[in-house]
Amino acid sequence: MTGSPAGAAPAAGAVSPAVVDVLVIGGGPAGLSAALNLGRARASVALVDADRPRNAATLLSHGFLTRDGVPPHELRRLARAELEAYPDVVVHSRTKVVAVAHAGDGHADARFVATLEGRRAPATIAARAVIVATGLRETLPDVPNIRGFYGMSLFSCAACDGWELRDRPLALIGESADLADRARLIARWTNALTVFTNGSDALGVDGEAELTASGIRVERLRIAELRGERGMLSAIVLEDDTRVEVAGGFVRPEWQSALEFLAPLAPDLDEDGHLVTDRAGRSSVPGVYGAGDAAAPGAQQLIVAAGAGARVAAVAVHDALGVTQAH
């Protein structure tokens, strides 16, 4: 990786050089962490971010060392501000990567060319390596007015938000096959948990019996309404008018990877659509790496994604130089 002398490259938001060392796709914790560490390694970086984070509905994020309880948008703002200190890191905001393909003869020094969409973005970016950190899209269960509580008193990550809801009567709403496992996990934070399958057959008879024996209530009817004020959930009403009092809870979304732009490269994906990588973050396409939620096994905490971004940045630098040592 080449890098540029200090002060020679444009500041964040300026026009990218003809070929960058690394194109980072996605501006969440994984992508921002990768860009920061690449900048510190004097690599030239173009970070492309559509500015549509999955945790946009969340008021506070937790479990991130030194930033426990910080709003997600503030975490992103602080990271963007830190990137401005590195002249070889250019950020393209509100920009979407449409496709990434192998570079042709017109880019002798590049391995990949990305096509972009964005009012202020260049049409293409050529790069020697690509780090995919696009995260996931999520679909919530089909429950009336669920969006009015999501991120305020209904959450998807027990490790992230279980502490704040501890010792309260809680709900778990989901229609996925792992519902029983999630219920057992959430029961670490409460002795009053009700699982709502919303009319689905996600929970088998044996699973229900096991949960019931553990003191976890199961409701199989469809949910008619969520009740509460200003985003604070207070009750769940079922289709037969049964009312279950709760003080928050968790929902199991369906997650989908947003990796359509990689189709020209045809990397290996797992059965859930996540990018398959080795332990170092390398995909099946040489020069393409994955970090954060986009890579198998999927959804992770913010601090885990940030760590993965830092690790992949180091691996990309080492691979470019043919270096194998840890530092």
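The coordinates are above.
## Side note on the packing of helix α1 (residues 29-40) against helix α2 (residues 72-83)
Any two packed helices are characterised by the angle at which their axes cross and by the distance between the axes. With their axes 10 Å apart at the nearest point, α1 and α2 run at an angle of 20 degrees to one another. As summarised for this structure, α1 and α2 are arranged roughly parallel, according to the angle between their axes. In the crossing of α1 with α2, the sense of the turn from one axis to the other is left-handed. Where α1 abuts α2, its residues L32, A35 and L36 lie against R76, A79, R80, E82 and L83. Looking at the contact of α1 with α2 residue by residue, the class counts come to five nonpolar, no polar and three charged.

## Some thoughts on the packing of α1 against helix α6 (residues 302-321)
The contact between α1 and α6 brings their axes to 7 Å, and the two run at 35 degrees. The element α1 and its partner α6 pack so that their crossing is right-handed. Side by side, α1 and α6 meet where P29, A30, S33, A34, N37 and L38 of the first sit next to L302, A305, A306, G309, A310, A313 and V317 of the second. The residue inventory of the contact of α1 with α6, partitioned by class, reads 10 nonpolar, three polar and no charged.

## Considering the state of the cysteines
Under the criterion given, the structure shown has one disulfide. Between C157 and C160 runs a disulfide, and the two sulfur atoms are separated by 2.3 Å. Handedness of the C157-C160 disulfide follows from its S-S torsion of about 70 degrees: it is right-handed.

## Regarding the sheet that holds strand β13 (residues 232-238)
The strand order across the open sheet formed by three strands is β12-β13-β14, and the pairing between neighbours is antiparallel. Each edge of the sheet is formed by a strand with only one pairing partner; in this case those strands are β12 (223-229) and β14 (243-245). Within the sheet, the average angular offset between the axes of one strand and its neighbour, ignoring direction, is 25 degrees. Pairing between β13 and β14: three bridges, direction antiparallel. Bridge assignment links I236 to a residue of β14, and that residue is V244.

## Here we look at the packing of aromatic side chains
Applying the stated criterion to the full structure yields one aromatic pair. Relative to F250, the ring of F155 lies with its centre 6.5 Å away and its plane at 55 degrees, an arrangement referred to as tilted. Taken as a pair, F155 in strand β8 (residues 154-155) and F250 in strand β15 (residues 249-251) lie far apart in primary sequence, 95 residues in all. This pair shows no difference in class: F155 is buried, exactly as F250 is.

## Section: α6
Taking 1.5 Å as the rise per residue, α6 with 20 residues should run 28 Å; its terminal C-alpha atoms sit 29 Å apart, in good agreement. All buried positions along α6 are accounted for by L302, A305, A306, A308, G309, V312, A313, V315, A316, V317 and H318. Structurally, α6 contributes buried residues whose contacts are with α1, α2, β6 (124-132) and β17 (288-290). G322 lies just past α6 and shows a positive phi near 70 degrees.

## Looking at the pairing of strand β5 (residues 112-117)
For strand β4 (residues 96-102) and β5, the ladder comprises six bridges, and the chain directions are antiparallel. Residue K96 lies in a different strand from β5, and its bridge partner there is E117. Both β5 and β6 contribute to a ladder of four bridges, which runs antiparallel. Counted as the bridge partner of A114 is I125 from β6. The hairpin formed by β5 and β6 contains six residues between the paired strands.

The rules behind the values
- Residues numbered from 1 in each chain as written.
- Predicted model: local features only at pLDDT ≥ 70, side-chain atom pairs only at ≥ 80, totals over all residues.
- Heavy atoms only, no water.
- Axes fitted to C-alpha atoms, helices over the stretch in contact; angles between N-to-C directions.
- Helix = DSSP H or I, 4+ residues; strand = E, 2+ residues; numbered from the N terminus.
- Parallel < 35°, antiparallel > 145°, perpendicular 65-115°, else oblique.
- Left-handed = near helix turned anticlockwise from the far one by under 90°.
- Contact = heavy atoms within 4.5 Å.
- Nonpolar A, V, L, I, M, F, W, Y, C, P; charged D, E, K, R; others polar.
- Disulfide = S-S within 2.5 Å.
- Pairing = 2+ DSSP bridges.
- Phe/Tyr/Trp six-rings, centres within 6.5 Å; stacked < 30°, edge-to-face > 60°.
- Buried < 20%, exposed > 50% of the residue type's maximum accessible area, 1.4 Å probe, protein only.
- Expected span 1.5 Å × (residues − 1).

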